[in-house]
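Remarks on the overall topology
Chain residues, written in single-letter form:
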Amino acid sequence: MSVQGLIRMGDNTLVLGQRVSEWCGHAPALEEDIALANTALDLIGQTQLWLGLAAEREGQGRTADTLAYHRDAWDFRNLLLVEQPNRDFGATMMRQFLFDAWHLEALKALTEHEDAEIAAIAQKSVKEVTYHRERSSDTVIALGDGTEESHDRMQAALDRLWPYVGEMFSTDNDDLKDMSALKSAFDRYLETVLAEATLSRPDGDFAHMGGKTGARHTEHLGHMLATMQVLPRSYPDATW
Amino acid sequence: MYAQMIKSEATQDDPEKLAAFQARIDAGEKIEPKDWMPAGYRKTLIRQIGQHAHSEIVGQLPEGNWITRAPTLERKAILLAKVQDEAGHGLYLYCAAETLGVSRDELTEMLLDGRMKYSSIFAYPTLTWADMGAVGWLVDGAAIMNQVPLQRTSYGPYARSMVRICKEESFHQRQGFDIMMKMANGTEAQKRMAQDALNRFWYPSLMMFGPSDKESVHSEQSMAWKIKMNSNDELRQKFVDQTVPQAEYLGLTIPDETLAWNDEKGGYDFAEPDWSEFFDVLKGNGPCSVERIEARQKAWDDGAWVREARLAHAAKKRAAKVAAE
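As the structure is a computational prediction, the values presented were derived from the model and not from experiment.

**A word on the overall build of chain B**
Along chain B, the regular secondary structure elements total 13 helices and two strands. Taking 20 Å as the expected radius of gyration for a compact globule of 325 residues, we find that chain B reaches 21 Å, a close match to that expectation. Taken along its principal axes, the extent of the C-alpha atoms in chain B is 70 × 50 × 35 Å. With 325 residues in all, chain B has 55% of them scored as buried. The long-range fraction of contacts in chain B, counting pairs at least 24 apart against all pairs at least 6 apart in sequence, stands at 79%.

Here it is in structure tokens:
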């Protein structure tokens with residue numbers, strides 16, 4: 001069992017949870033505001049579990065909070081997809097949909113992990129992420145199919161985010177499961193939703209890499225961490 | 001208290017109907033959406049519930065300001081849950097207002113073009129993490145003072161939404177006080193933040209109850225209709241009496257040199273806030289008044305395509321269903 005693999009799961013939920021929480025008070029309708037906050041809340045809760053277990057297994061006296069607040073960008077192991085900025089609501093929901101579609105398959109696979117604690121976290125998360133995927137799929141369908149403007153915005157969002165999809169299925173020995181094995185289920189699900197949303201799967205499968213290995217994050221991550229970590233870094237002696 | 005200076009409407013209905021209506025209220029009956037009600041009662045309630053709903057929505061902004069900078073994962077989760085509750089409160093209240101014949105979109109437009117207000121407190125900035133404590137402790141504390149009695153208000157949907165809201169507000173206040181305890185017992189820098197937050201939020205919190213009853217011309221009718229349950233001064237006194245010992249417990253100083261226990265009245269004597277500042281805030285000259293409405297306007301404008309697309313998609317689905325039948 002790899003600590004890095006746990007950190008990858010936790011960093012994905014942390015970085016996406018942080019991004020989604022930026023919407024608070026600014027969503028297109030009250031129901032969307034509530035749903036976005038709810039999604040962010042689930043993701044932060046999952047972060048506490050993944051990073052908590054990572055810290056425990058690492059055995060160096062760190063905690064979920066020290067991992068979240070006292071690492072620099074090069075030590076983060078999240079996918080490049082989740083550090084992408086929110087842009088408009090359509091791009092936010094497309095990012096969420098692509099991630100949820102992968103995340104649910106990954107968690108389902110992890111419910112059968114031989115490590116009982118990993119399986120338990122996956123089990124708990126599957127319930128929440130099933131709802132996340134349902135909601136983001138419904139939104140992608142509604143906005144893809146809605147008006148000409150909304151269709152164009154959703155297609156543009158998909159095109160823009162497409163190069164960050166492939167990294168989800170790259171895999172190495174640090175992963176908790178073989179992530180490449182999830183691709184066919186993901187592709188089938190994607191096809192169904194895109195068809196209903198009247199959106200086209202972009203040509204080509206070029207993929208940016210470097211998030212989950214930490215080799216090369218995007219420029220966006222550093223800014224996010226500067227905001228997120230400001231208090232614990234500025235006042236290292238304080239407890240909150 | 002999220003409803004301030006609610007002008008109550010004079011009413012020109014049939015005196016017999018009015019008397020029967022008043023008798024129902026005096027007997028403690030609840031008025032329900034389909035019941036007859038004076039036009040003034042309806043209008044006053046729309047104004048009051050609308051202002052309360054807007055306050056919940058605008059109130060997300062000063063707290064949302066710190067969600068991305070919450071100092072631990074636990075604090076981030078709690079703050080997210082709290083702000084989510086507030087959006088939920090806005091939703092119940094807009095629904096309660098809808099039963100009076102005004103849509104959420106109409107109310108939103110009235111907020112954005114300045115015809116309707118939100119509580120003065122949310123026009124103040126949140127500058128340090130201690131402000132998340134002060135908002136929970138003082139602002140939610142003041143809101144609870146007003147909202148607990150409103151659970152008994154005469155309009156059924158409003159009273160019922162208050163029951164749900166009050167349950168969540170008391171959790172909000174406790175989490176605020178918990179942040180203040182950590183800050184007040186923390187490092188020198190944290191103590192300084194805590195005292196600074198109290199200094200900045202004390203008088204704006206007192207203003208939440210509205211001006212003195214002596215100057216509050218609208219109270220009488222609203223009290224008779226049981227849509228206002230206590231006088232402004234009464235609630236303010238109760239708030240001060242509750243809060244002063246809590247500040248002492250935290251080791252913080254209330255920024256009022258005149259503050260003193262008065263044995264005779266069994267409560268504290270305290271300085272009035274600067275009411276000219278309050279009226280400036282209501283006129284849109286609060287430190288963040290422009291930013292708050294700008295942010296809501298931007299959310300409304302940027303979200304237009306999403307709302308239109310959802311309607312268009314729902315219409316297509318309905319049409320497809322009809323075609324299939």
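**A word on the interface of chain A and chain B**
With 49 residues of chain A at the interface, the matching set in chain B holds 46 residues. The interface formed by chain A and chain B contains three salt bridges. One salt bridge connects arginine 310 of chain B with glutamate 32 of chain A, and the closest N-O pair in it is separated by 2.8 Å. Within the residue set of the side of chain A that touches chain B, elements represented by two or more residues are helix H1 (3–21), helix H2 (30–58), helix H3 (64–69), helix H5 (89–110), helix H6 (116–145), helix H7 (148–161), helix H9 (220–228) and helix H10 (230–234) of chain A.

**Overview of helix H2 (residues 39–58) of chain B**
Residues separated by three or four positions in an α-helix point in the same direction, a consequence of the helix having 3.6 residues per turn. Taking 1.5 Å per residue as the helical rise, H2 of chain B with its 20 residues ought to reach 28 Å, and the 28 Å between its terminal C-alpha atoms agrees with that figure. For H2 of chain B, a buried count of 16 out of 20 residues is recorded, marking the element as mostly surrounded by other parts of the structure.

**Some thoughts on unusual backbone geometry**
All names here are of chain A. You will see that arginine 87, though not glycine, has its phi angle at about 50 degrees, which is positive. Along the polypeptide, arginine 87 turns up in the loop between helix H4 (80–83) and H5. Phi angles above zero are rare outside glycine, and threonine 198 is one such case at about 55 degrees. Inspection of the secondary structure assignment puts threonine 198 in the loop between helix H8 (183–196) and H9. Accessibility expressed as a relative area gives 40% for threonine 198, which makes it partly exposed.

**Some points on the pattern of salt bridges**
Per the stated rule, a full pass over the model turns up 34 salt bridges over all chains. Where aspartate 35 of chain B meets arginine 24 of chain B, a salt bridge forms, and the shortest distance between an N and an O atom there is 3.2 Å. Of this pair, aspartate 35 of chain B sits in the loop between helix H1 (15–26) and H2 while arginine 24 of chain B is found in helix H1, placing the two residues 11 residues apart along the sequence. The exposure class assigned to arginine 24 of chain B is partly exposed, which follows from its relative accessible area of 24%. Note that lysine 82 of chain B and aspartate 140 of chain B form a salt bridge whose closest N and O atoms lie 2.9 Å from each other. Linking lysine 82 of chain B in helix H4 (residues 73–98) with aspartate 140 of chain B in helix H6 (residues 130–150), this pair joins segments that are 58 residues apart in sequence. For the residue pair lysine 82 of chain B and aspartate 140 of chain B, the accessibility class agrees, reading buried in each case. Salt bridges linked by common partners bring Arg8, Asp172, Asp175 and Lys212 of chain A together as one network.

About the thresholds
- Residues numbered from 1 in each chain as written.
- Chains lettered and ligands numbered in written order.
- Predicted model: local features only at pLDDT ≥ 70, side-chain atom pairs only at ≥ 80, totals over all residues.
- Heavy atoms only, no water.
- Helix = DSSP H or I, 4+ residues; strand = E, 2+ residues; numbered from the N terminus.
- Rg over C-alpha atoms; globule rule 2.2 N^0.38 Å.
- Buried < 20%, exposed > 50% of the residue type's maximum accessible area, 1.4 Å probe, protein only.
- Contact = heavy atoms within 4.5 Å.
- Salt bridge = Lys/Arg side-chain N within 4 Å of Asp/Glu carboxyl O.
- Expected span 1.5 Å × (residues − 1).

Just distances and angles here, no functional claims.
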